[in-house]
Amino acid sequence: MSATLGTLVKSLEPDWSISLFERLGGPARESSDPWNNAGTGHSALCELNYTPQRADGSVDVSKAITVNQQFQLSRQFWAHGVSQGVLGDPATFINPVPHVSFVRGADDAAYLKARHEALVDNPLFAGIEYVDDRDEIARRLPLMSAGRDDDETMALNWSDGGTDVDFGSVTRQLLGHLESHGAELNYEHEVRNLKQNSDSTWTVTVKDLRTGQKTRVNARFVFVGAGGGALHLLQKSGIPEIRGFGGFPVSGQFLRTTNADLAKGHHAKVYGKPPVGAPPMSVPHLDTRVVDGQHSLMFGPYAGFSPRFLKEGHLTDLVRSVKPNNLFSMLGVGLNSMPLTVYLVKELLKSREQRVEGLLEFAPSIDGDDFELITAGQRVQTIRRNGMSGTLEFGTCTVSHRDGTIAGLLGASPGASTAVAAMVDVLETCFPDRIAAWRPRLVDMMPSYGTDLMQDTTLLADLRRWSDKTLRLVGDDHIEA
Ligand SMILES: Cc1cc2nc3c(=O)[nH]c(=O)nc-3n(C[C@H](O)[C@H](O)[C@H](O)COP(=O)(O)OP(=O)(O)OC[C@H]3O[C@@H](n4cnc5c(N)ncnc54)[C@H](O)[C@@H]3O)c2cc1C
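Since the model is a prediction, treat every value here as computed from it, not as a measurement. (Residues numbered from 1 in each chain as written. Predicted model: local features only at pLDDT ≥ 70, side-chain atom pairs only at ≥ 80, totals over all residues. Heavy atoms only, no water.)

With that out of the way, let us pick up the pairing of strand S10 (residues 214–219). The pairing of strand S9 (residues 202–208) with S10 spans six bridges and is classified as antiparallel. When the sheet's bridge partners are listed, threonine 203 is paired in S10 with asparagine 218. Taking the residues between adjacent antiparallel strands as the criterion, S9 and S10 are bridged by five residues, where glycine 212 takes a positive phi near 85 degrees. (Pairing = 2+ DSSP bridges. Helix = DSSP H or I, 4+ residues; strand = E, 2+ residues; numbered from the N terminus.)

Taken together, 33 residues sit near the ligand, with Glu22, Ser32, Val191, Pro414 and Ser417 positioned nearest. Here serine 417 contributes a side-chain N or O atom positioned 2.5 Å from an oxygen atom of the ligand. Breaking the shell around the ligand down by element, the ones donating at least two residues are strand S1 (19–22) and strand S8 (189–196). By residue number, the principal contributor to the shell around the ligand is S8, which donates three residues. A breakdown of the residues in the shell around the ligand according to their chemical character gives 14 nonpolar, 14 polar and five charged. (Near = heavy atom within 4 Å. Polar contact = N/O pair within 3.5 Å; in protein donor to acceptor, adjacent residues only side chain to side chain. Nonpolar A, V, L, I, M, F, W, Y, C, P; charged D, E, K, R; others polar.)

Here we take up the confidence of the model for the protein. The predicted model of the protein has a mean per-residue pLDDT of 94, with 98% of residues at 70 or higher. Confidence over residues 477–481 falls short of pLDDT 50; this stretch has eleven contacts with residues more than four positions distant or in other chains. (pLDDT = per-residue confidence, 0-100. Contact = heavy atoms within 4.5 Å.)

Attention now moves to the environment of phenylalanine 93. Its location among the elements puts phenylalanine 93 in the loop between helix H2 (62–83) and strand S2 (94–96). With 302 residues separating them along the chain, phenylalanine 93 and glycine 395 place their C-alpha atoms 24 Å apart.

The terminal C-alpha atoms of helix H6 (residues 167–180) lie 20 Å apart, and with 14 residues this matches the ideal 20 Å at 1.5 Å per residue to within 8%. Burial analysis of H6 places ten of its 14 residues in the buried class, the great majority of the element. On its buried face, H6 sits against helix H1 (2–12), S1, H2, strand S6 (163–165) and strand S7 (184–187). Where H6 terminates, the next one or two residues include glycine 182, which has phi positive at roughly 100 degrees. (Expected span 1.5 Å × (residues − 1). Buried < 20%, exposed > 50% of the residue type's maximum accessible area, 1.4 Å probe, protein only.)

Our focus in this paragraph is the pairing of strand S15 (residues 294–304). With ten of eleven residues buried, S15 is to be regarded as a mostly interior element. When strand S12 (residues 246–257) meets S15, the two strands line up antiparallel, connected through six bridges. Bridge pairing links arginine 256 to methionine 298 in S15. The pairing of strand S14 (residues 285–291) with S15 spans seven bridges and is antiparallel. Directly across from valine 291, in S15, lies its bridge partner glutamine 294. Adjacent in sequence and paired antiparallel, S14 and S15 are bridged by two residues, among which aspartate 292 carries a positive phi angle near 55 degrees.

On to the packing of H2 against helix H13 (residues 419–430), then. Packing of H2 against H13 brings their axes to within 7 Å, and their N-to-C directions diverge by 95 degrees. The orientation of H2 with respect to H13, classified from their angle, is roughly perpendicular. Where H2 approaches H13, its residues Gln70, Leu73, Ser74 and Phe77 are matched on the opposing element by Ala419, Val420 and Ala421. Of the residues in the contact of H2 with H13, the class split is five nonpolar, two polar and no charged. (Axes fitted to C-alpha atoms, helices over the stretch in contact; angles between N-to-C directions. Parallel < 35°, antiparallel > 145°, perpendicular 65-115°, else oblique.)

Its 22 residues give H2 an end-to-end C-alpha distance of 32 Å, which sits within 8% of 32 Å, the value for a rise of 1.5 Å per residue. Of all 22 residues making up H2, 17 are buried, and the element is well covered by its neighbours. Residue glycine 85 follows H2 closely and has a positive phi angle near 80 degrees.

As structure tokens, this is what we get:
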């Protein structure tokens, strides 16, 4: 998030000075590391939580449309970055991988058919297919089809336009560009405090973790892009807008294999239906990953509970986040989220064999011994005050001070895929008097900025062609599994 915002600001105001403080020894070692997230370029092509079924059987696609349009901005920003040399070879960070929704049983197949009908005529989802022919499914998903009963009902929604994204690589490349254009990057520097001065600027207290020395930095604008650490820092800033917010950490694990034969038998990101009580981001999926040019498979996530707000955080993170102003929100969520709590406890108690069982539902012929269990990043779900209680949210939200001098990002989903839209939102909220002057440059970087692509299908088609070509997502030269 910070790398994206920094790149946008550098392009809009090349003379502004930018300093980044990161507590770890290098960039993208928390949630944006490729093995700490699933690398799905979320554009709602396959994630069933974005297309819930209404009571009358019809499918609500409004959230899917929003997420898809947000991802179009990311594609354009990255394509522009490649064309300007800000980002290098596209294959180092984005690769074409079909996005697939997968269900079993007649009821769920009917839902997938209704989902396909609700999306197929929408230009954002052009080309989406409904597939229930077993031979065709076996041709497209050989690894998932091997070892299944012939009479089992299966169905897919299939989109060729999906991507796998290495968000760690994007982050490192954007930060490399920023550094070469004068930004100051400080690693092993932890932000300890934020205090607003009488002239509205901020004093940021930073501790050098190697020497123990503390320094104070003066800033006109602060972006708290601290991932799971953002809630604590925004609380420390004392801005009234953070009052009532809390955080609920959900940890994650994945099964991963680098076995080349297995990876060859599966080239798709296949999302299933979430188990009862599961939070939306815990939908099981079997994914092709392309990291450092190597293909592998990843299955999960298996959710769990840890009181840490960062993977490299502290056991006291959750307790320290409870304040008098968010106590009732947190208690309210605790009392009202029994199905989630039961789900997380069950997940936590799962043995390795039980985890592998989940994988076998996707690919029955697989040998679990080919997979290793890896620990992913922490997600801190946002708790927002709701009257005398609180609501647990699964999206991301920006919190900013009314004077526009500080903003931060809470939550984790759809996350890195929509970083560009989230950071444009920060610019619009915090710099309302400059946004009109910045508009031409923003449109240059993201030609659909400010346009509803559903209303301008010619522009959508043009931008798709351009970003596909620039990011090498079509044609003969993309990476084949
Ligand atoms: C299991 C899992 C799966 C996911 N899957 C996907 C996916 O498929 N697609 C997708 O788009 N998104 C996914 N996400 C979400 C995505 O990973 C995050 O939204 C995104 O990486 C967040 O970026 P960020 O810059 O906000 O946070 P981070 O990448 O976590 O960066 C925040 C940085 O701030 C640093 N920091 C924290 N506190 C301080 C401090 N006090 N001082 C200095 N530095 C500090 C941290 O060390 C860290 O490096 C997933 C997340 C998880 C956990």
